[in-house]
Amino acid sequence: MSATGIGAAVRRKEDLRFITGRGQYTDDVIRPRETRAVFVRSPHAHAKIKGIDTSAAKTMPGVIAVLTGAELANDKIGNLICGWMIHSKDGTPMKMAPHPALAVGKVNHQGDAVAVVIAETQVQGRDAAEKIKIDYEPLPAVTDPGKAKSGPPIHELAPKNTIYEWSLGDAKAVDAAFASAKHVTKLDIVNNRLVPNAIEPRAALAEYDAGTDQLTLWNTTQNPHVSRLVIAAFVGMAPEHKLRVIAPDVGGGFGSKIFIYPEEVVCLWAARKVGRPVRWTADRSESFVTDAHGRDHVTHAELALDANGKILAMRVKTIANLGAYMSTFSSSVPTYLYATLLSGQYDIPQIYCEVDAVYTNTVPVDAYRGAGRPEATFVVERLVEVAARQMGIDPADLRKRNFVKSFPHQTPVIMAYDAGDYNASLRKALDLADVKGFNKRKREAARHNKLRGLGYSTYIEACGIAPSQAVGSLGCGVGLWESAEVRVNPTGSVEVLTGTHAHGQGHETTFAQLVSERLGIPFENVSIVHGDTDKVQFGMGTYGSRSGAVGMSAVVKALDKIEAKAKKVAAHMLEAAEGDIVFKDGKFTVAGTDKSAAWGDVALNAYIAHKFAGQELEPGLKETSFYDPTNFTFPAGCHICEVEIDRETGKTEIVNWTAVDDFGTVVNPMIVEGQVHGGIAQGIGQALLEGAIYDQDGQLVTGSLMDYCMPHAHDLPSFQVGLTETKAPSNPLGIKGCGEAGAIAAPAAVINAITDAIGSEDITMPATAQAVWAALKHAQPRQAA
Amino acid sequence: MASVSMTVNGKAVAGDVEARTLLVQFLRENLRLTGTHVGCDTSQCGACVVHIDGIAVKSCTTLALQCEGAKVTTIEGLAEPNGPLHPMQEAFREHHGLQCGFCTPGMIMAALDIVRRHGNELDERTIREQLDGNICRCTGYHNIVKAIAAGAKAMAKGGARQAAE
C-alpha cells in the first residue's frame, strides 16, 4: 500500500478550503443584479385558500414581483413528482396526488408554500410578505399515520388517505410457520419521525440568460443531474440542454438534499419572469417545515421460533406516513428499502410484510440516512432481543444460532446476500466491548444507584444502489448506474469527472487515492470534478452509500480503458508490440527489456501524436464509462451499546459504544471511521433525543433547534470502532459502503440496552429521561417464558 | 441606514447598514467574508461564531451596529492567505474534525475560545461540555473533540498565536 493509495488514511484534499472559510456553498455564490425570494407559507396544516390579496405587498419598497400558484399554473409549470412506482396488493398503482410548487386552492401542511415575493433585498421581501393577505378556511387535520385512514380527506384521488397497500412475501407460508411455532414474540413499534437538519440550510440561486435562453441553478443538491432531469422532463421548466444545475460545496445532506423541492422550481421560474437572478436560502424554521422528514412508521411485528430458538418466520404490518405529498423517492423507502431487509443477518425461512402508506397533513417524508433500513433493523433487532429475553437465551447466542452462514444466501424478501461473516463481527465486538466484564460493571453501577444495560444490534443493509434492471423491475423510474470520465492532460495530471456528489464524504480524496494508486502518479496530480451538469455528462448522485461501490467502480472501468489506450501509445513510442507493454508503478516497459516510457511522456505523446498515425490511433487520452452494478452490496456488523441509567432522573448515559463493521474494502480508514461516528450519532439521536412532534392541529411543535433536540457533543461518548472484512464480490474493488451503517445499527442497540437496564420493553423512541423515568415507575419485573 | 465602522481581521472597514442588520449579514453580504455561516435562526448551531474583541460571539445574534469600533476576527483572519495555518485549523484537518465543512468555521472559532477560557490542556469532558453552543450533524463530534484537544496542545507548544490576539 502506498502512502496515498487504497487503504491509506490520507488527510483530505477538501479540508483546506473549509478550515480557512473558503468553501463555496450555494449561499456563498453571488451573481450580478441578484434578487431575493421570500416565501409565504401556510400557518395551517390543512385549509382551503379562499383568496389571496397581493396588492399591498406589490407596492412595498424593493418589491419586484409577487407570484402565486395561479400564475405558476398559468405558465404551465408542472407538478413535482415521485419517481418510484409502487403497486398495491390489488394491482392498482399508487395514488400520487398533484404537488404544485405553489399551492393552488388548498394547503396540505404547515409550511406549504402559497406565494413568493421577489425583492431587492431579503428584508424588503420579508416586509412585503407580511402584507400579503391570504383568506384561509381551516379544515380538520390529521398527522398521526395510525389515524390517517379515518382522518379528513387530503387529496381527492386518494380515498382514505391511502397511497398504497403493499405486501411482500408469502402470507400463507408465514401463517403455517407461526402455527407450528413453540414461541412467538410480539412487539408494537413506533419508529419516530425525524428532521434531517443538515447544518447548511437548503438554498437555490437561479439565473436566466435571455441571450442564450439558458437557465442555471446553483442548488444544495445531492444529485444535480436527477434534479435537472426532473425539472426539465416533468416540471417542464426548460429543455434539459437549456438547464444547467450546479451543486457547489454542499453542507451535509443525509438524504434530505436528494429530492427536488418547490423552492428551486419557483426560483428558476421567477428568474426567467423577472429577468434577474433569484436567490433563496432557507432559514432554519423554514427548513423544519419544508425539508423532507424521515422515518415515521407505526408497526406491529411478530417473530416465530422453535424450542431451540431457531427463527421460523416473521410477520410485519407497518403504516408509513408519507406526509402531505409524495416526495421524490418517498414510495420506495417503506417498501423496497425496508421490507427487503427484514431478514437481517438471519436465516429466516418465511417473512411476510404489509405496508400501508398514507397521506397526512405533515411535511413530506422521504429518505433520511439509512432510509427504510434503520426502520427494518429496528424491527428485526428488537424482535430478536426480546425473543431471547423471553426464552431465557443469551441474546448474542440466539443471534449466532440464526446467522446466515453460507453464501450466496437468498432471503424470502428479494435480497441475495453475496458475502459476509456475521460471527466474525459479533465475536470481535464482544471482545472489544468486554462483554465478559459486563456483570461486574453492572454490580458496580448498582452500588451507585445506577442501572446498567447492554444492547446488541447485528444489522445488515443493502447498499451499492443499485442494479438498474433490478430496481427497474421494482418500479424505480431511473437506472442507478454511475458514470465516470477520466481525462489525462498532456502533462500527465488527471481529472476525474464523477456523477456522484460529495457533501461531506470526501470523494475528492478517496477517488484520488484510487487514481493515484492505479496510475502510479502523485495524489496531488489528481483532481476530482463533480456537481455540475455542464462538466459531468450524467450521474445519479450520492445516497444509499453508493459512491464507493458504484461510483468508484465506474472510475475503475474508465481507468481500464485509459490503460489500454496508453499502452497503444507507449507501443508506438517504444517501437514494440502492444501486447509486450507492461504498465506498472506509473511506467510503461517493454517486457523483458529495459526500454520504458514514463507516464507523463506517454500522456504527452498521446496528445502531440507525433509517433503514430492519427488515422490509426485517435490522439488524446480521455475515456468514459458507465458502470451498472450486478448486485446490491451488503455491509453488516455488530454494534454494542452499554448504558448507565440514573434511577432518580431516568437520564441515560452511553458509557461504552463498540462498532465492528464489515464494509468490504476500505479506501480511507480515517474517512470511513468518520462516517461510522456520524451515523452512530444520528442513530443515538433518534433513540434518545430526536422526535418531530405535531400537535392535534398539525402544528410542528418541535419546529426549531430550541425544541427539536439535536445531539450535542456532551450527549455522546467517544466510539470504539473496529472492522472486519469480506470483499463485496459484485464490484471490482470489493467495496460495500459505509455511510449509513451507524444510523441503521444504533437505535436498536440503544433501546436494547435501555430495556435491558430497566427490565421492561415498554419504551418508545426517543427514550428521553422523562420517558425512561416513567417506564421505571411502571416497570414490571421481566419474566422468562 | 446608519454607518458603522470596525476592524475586521486587522483591516478597518465601514459600511452603511439598516439598524436591524446582523453582524453576520454585514460580514457575509457587505464584506463578502462568507466563511462565517448561518445554520439556524435561534442561536443554537454556532456556525456563525466569530470573535469580537477576542471573545467568541454568535454573529447571527449580534447587530452590526453593536460592533462599532470593535475588533472582529473571522475564520478568514486566523491565517495569512498563503501563510501557515493556525494550529487549531491544522488540528481539525489532521484529526478529520470536519466532513461537510459547514459548521467548521464556527467550531474552530468556538474551540479557540475554549482554549482562552480553559487553557491548553483540555480533557474530553470539558471540551464536550464547552461545545454546547455548536452543532455538527456529520462527525458525531468524536474527531472534533480529538482535534480541539490536539489543537489546544499545539497552540501551547510552538509559542503559537493565541486565539484572542
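Residues numbered from 1 in each chain as written. Chains lettered and ligands numbered in written order. Predicted model: local features only at pLDDT ≥ 70, side-chain atom pairs only at ≥ 80, totals over all residues.

Let's talk about the overall build of chain A
What chain A contains, in helices and strands, is 19 helices and 28 strands. Relative to the 2.2 N^0.38 estimate, which gives 28 Å for 785 residues, the radius of gyration of chain A is 27 Å and therefore close to what a compact globule would have. Judged by the C-alpha coordinates and their principal axes, chain A covers about 85 × 75 × 50 Å. Of all 785 residues assigned to chain A, the portion counted as buried reaches 59%. (Helix = DSSP H or I, 4+ residues; strand = E, 2+ residues; numbered from the N terminus. Rg over C-alpha atoms; globule rule 2.2 N^0.38 Å. Buried ≥ 20, exposed ≤ 12 C-beta atoms within 10 Å, placed from the backbone.)

Some details on the overall build of chain B
The number of helices and strands found in chain B is five helices and five strands. For chain B, the N- to C-terminal ordering of α and β elements is β-β-α-β-β-β-α-α-α-α. A globule of 165 residues ought to have a C-alpha radius of gyration of about 15 Å, and chain B, at 15 Å, matches this closely. Its C-alpha atoms put chain B at 45 × 35 × 25 Å along the principal axes.

Here's the deal with the domain arrangement of chain A
Residues and elements named next belong to chain A. Along its sequence, chain A is carved into domain 1 (31-139 + 200-251 + 257-290), domain 2 (297-465 + 631-778) and domain 3 (481-627). In this structure, domain 2 and domain 3 have C-alpha centres spaced 40 Å apart. The interface of domain 2 with domain 3 comprises 19 residues on the first partner and 16 residues on the second. Classifying every residue of the side of domain 2 that touches domain 3 gives 11 nonpolar, six polar and two charged. (Domains from an automatic or database assignment. Contact = placed C-beta atoms within 7 Å. Nonpolar A, V, L, I, M, F, W, Y, C, P; charged D, E, K, R; others polar.)

A look at the sheet that holds strand β4 (residues 106-107) of chain A
Residues and elements named next belong to chain A. The strand order across the open sheet built from three strands is β4-β2-β6, with neighbouring strands paired in antiparallel fashion. Among the strands making up the open sheet, the edge pair consists of β4 and β6 (133-138). Taken together, the two bridges between strand β2 (residues 47-53) and β4 define a ladder with antiparallel strand orientation. The partner of K48 across the bridge, within β4, is K106. (Pairing = 2+ DSSP bridges.)

Some remarks on the sheet that holds strand β25 (residues 622-627) of chain A
All names here are of chain A. With mixed pairing, four strands are arranged side by side in an open sheet as β21-β20-β19-β25. Two strands close off the open sheet at either side, each with one partner strand: β21 (526-529) and β25. If you compare each strand with its neighbour and ignore which way they point, the axes differ by 15 degrees on average. Sheet analysis places strand β19 (residues 482-488) next to strand β20 (residues 494-498), joined by five bridges and oriented antiparallel. Paired with A484 across the bridge in β20 is T498. Sitting on the sheet, helix α15 (residues 547-574) is in contact with β19, β20 and β25, with an inclination near 145 degrees to β25. (Axes fitted to C-alpha atoms, helices over the stretch in contact; angles between N-to-C directions.)

Describing the domain arrangement of chain B
Residue and element names in this part refer to chain B. In terms of domain boundaries, chain B breaks down into domain 1 (2-76) and domain 2 (87-157). On a C-alpha basis, the centroid separation for the pair domain 1 and domain 2 is 21 Å. Listed by partner, the interface residues are 15 residues for domain 1 and 11 residues for domain 2. Taken together, the elements giving at least two residues each to the side of domain 1 that touches domain 2 come down to β3 (49-52) and β4 (55-58). Here the side of domain 1 that touches domain 2 takes three residues from β3, the largest share from any one element. Among the residues making up the side of domain 1 that touches domain 2, the classes are represented as eight nonpolar, seven polar and no charged.

Side note on the interface of chain A and chain B
Facing 43 residues of chain A, the contacting portion of chain B comprises 45 residues. The set of elements that each furnish at least two residues to the side of chain A that touches chain B consists of α1 (15-19), α8 (284-290) and α17 (669-689) of chain A. Take the side of chain A that touches chain B: its biggest share by element is seven residues, from α17(A). Split by residue class, the side of chain A that touches chain B holds 19 nonpolar, 16 polar and eight charged.

Re the packing of helix α10 (residues 395-402) of chain A against helix α11 (residues 422-432) of chain A
Residue and element names in this part refer to chain A. Where α10 contacts α11, the axes come no closer than 11 Å and their chain directions differ by 165 degrees. One finds that α10 runs roughly antiparallel with respect to α11. Handedness of the crossing formed by α10 with α11: left-handed. Contacts between α10 and α11 involve A396, R399 and K400 from the first element and N423, L426 and L430 from the second. Classifying every residue of the contact of α10 with α11 by side-chain character gives three nonpolar, one polar and two charged. (Parallel < 35°, antiparallel > 145°, perpendicular 65-115°, else oblique. Left-handed = near helix turned anticlockwise from the far one by under 90°.)

Overview of unusual backbone geometry
Residues and elements named next belong to chain A. Cis rather than trans, the peptide bond between F407 and P408 has omega equal to 0 degrees. Take P408: it is sitting in the loop between α10 and β16 (409-410). Omega for the peptide link from I465 to A466 comes to -5 degrees, which places this bond in the cis form. Residue placement: A466 occurs in the loop between β18 (450-460) and α13 (468-473). A positive phi angle, close to 45 degrees, is found at D434, a residue other than glycine. Mapped onto the fold, D434 is located in the loop between α11 and α12 (438-447). Judged by the 14 C-beta atoms lying within 10 Å of it, D434 is partly exposed.

Let's talk about the pairing of strand β14 (residues 311-321) of chain A
Residue and element names in this part refer to chain A. In terms of burial, β14 is largely enclosed, as 10 of its 11 residues are buried. As paired strands, strand β13 (residues 297-305) and β14 are joined by nine bridges and run antiparallel to one another. Bridging across to β14, L303 finds its partner in M314. Linking two consecutive strands that pair antiparallel, namely β13 and β14, is a turn of five residues; a positive phi of about 80 degrees is found at G309 within it.

Re the environment of A:N197
Mapping A:N197 onto the fold places it in the loop between β8 (183-191) and β9 (203-209). Sequence separation between A:N197 and A:P412 is 215 residues; the distance between their C-alpha atoms is 35 Å. Excluding residues that lie within four positions of it along the chain, A:N197 makes contacts with A:M710 and B:R137.

Some thoughts on the nonpolar core
Formed by 307 residues in total, the largest nonpolar core has its most connected members in A:V116, A:L342 and A:V555. The residues contacting A:V116, other than those within four sequence positions of it, are A:A37, A:V38, A:F39, A:L67, A:L102, A:V266 and A:A270. (Core = buried A, V, L, I, M, F, W, Y, C linked by C-beta atoms within 7 Å.)

Focus: the confidence of the model for chain B
Detailed reading of predicted coordinates is not advised where the pLDDT is low. The predicted model of chain B averages 95 in pLDDT, with 96% of residues at 70 or higher. For this predicted complex, the interface confidence score (ipTM) comes to 0.97, while the overall pTM stands at 0.97. (pLDDT = per-residue confidence, 0-100.)

Things to note about helix α18 (residues 741-758) of chain A
Residue and element names in this part refer to chain A. Compared with the 26 Å implied by 1.5 Å per residue over 18 residues, the 27 Å span of α18 between its first and last C-alpha is a close match. Of all 18 residues in α18, 18 are buried, a share of seventy percent or more. Just downstream of α18 lies G759, where phi reads positive at about 70 degrees. (Expected span 1.5 Å × (residues − 1).)

Some remarks on the pairing of β2(A)
Here six bridges tie β2(A) to β6(A), and the two strands are oriented antiparallel to one another. What sits directly across from A:I49, in β6(A), is A:Y136.

Description of the environment of A:R126
Locating A:R126 in the fold gives a position in helix α4 (residues 122-129). Residues A:R126 and A:V63, spaced 63 residues apart in sequence, show a C-alpha to C-alpha distance of 10.0 Å.

Things to note about the environment of A:A416
Residue and element names in this part refer to chain A. Mapped onto the elements, A416 comes out in strand β17 (residues 416-417). A sequence separation of 301 residues divides A416 from P717, and the C-alpha atoms of the two residues are 36 Å apart. When sequence neighbours within four positions are dropped, the list of residues in contact with A416 reads P408, H409, Q410 and N631.

Concerning the packing of α17(A) against α18(A)
In a pair of packed helices, the angle between the axes and the distance between the axes together describe the arrangement. All names here are of chain A. Their axes nearest at 7 Å, the elements α17 and α18 cross at an angle of 40 degrees. Overall, the two elements α17 and α18 adopt an arrangement that is oblique. Crossing handedness for the pair α17 and α18: right-handed. Here V676, G678, G679, I680, Q682, G683, I684, Q686, A687 and L688 of α17 come into contact with α18, specifically with A741, G742, A743, A745, A746, P747, V750 and I751. For the contact of α17 with α18, the class distribution of residues is 12 nonpolar, six polar and no charged.

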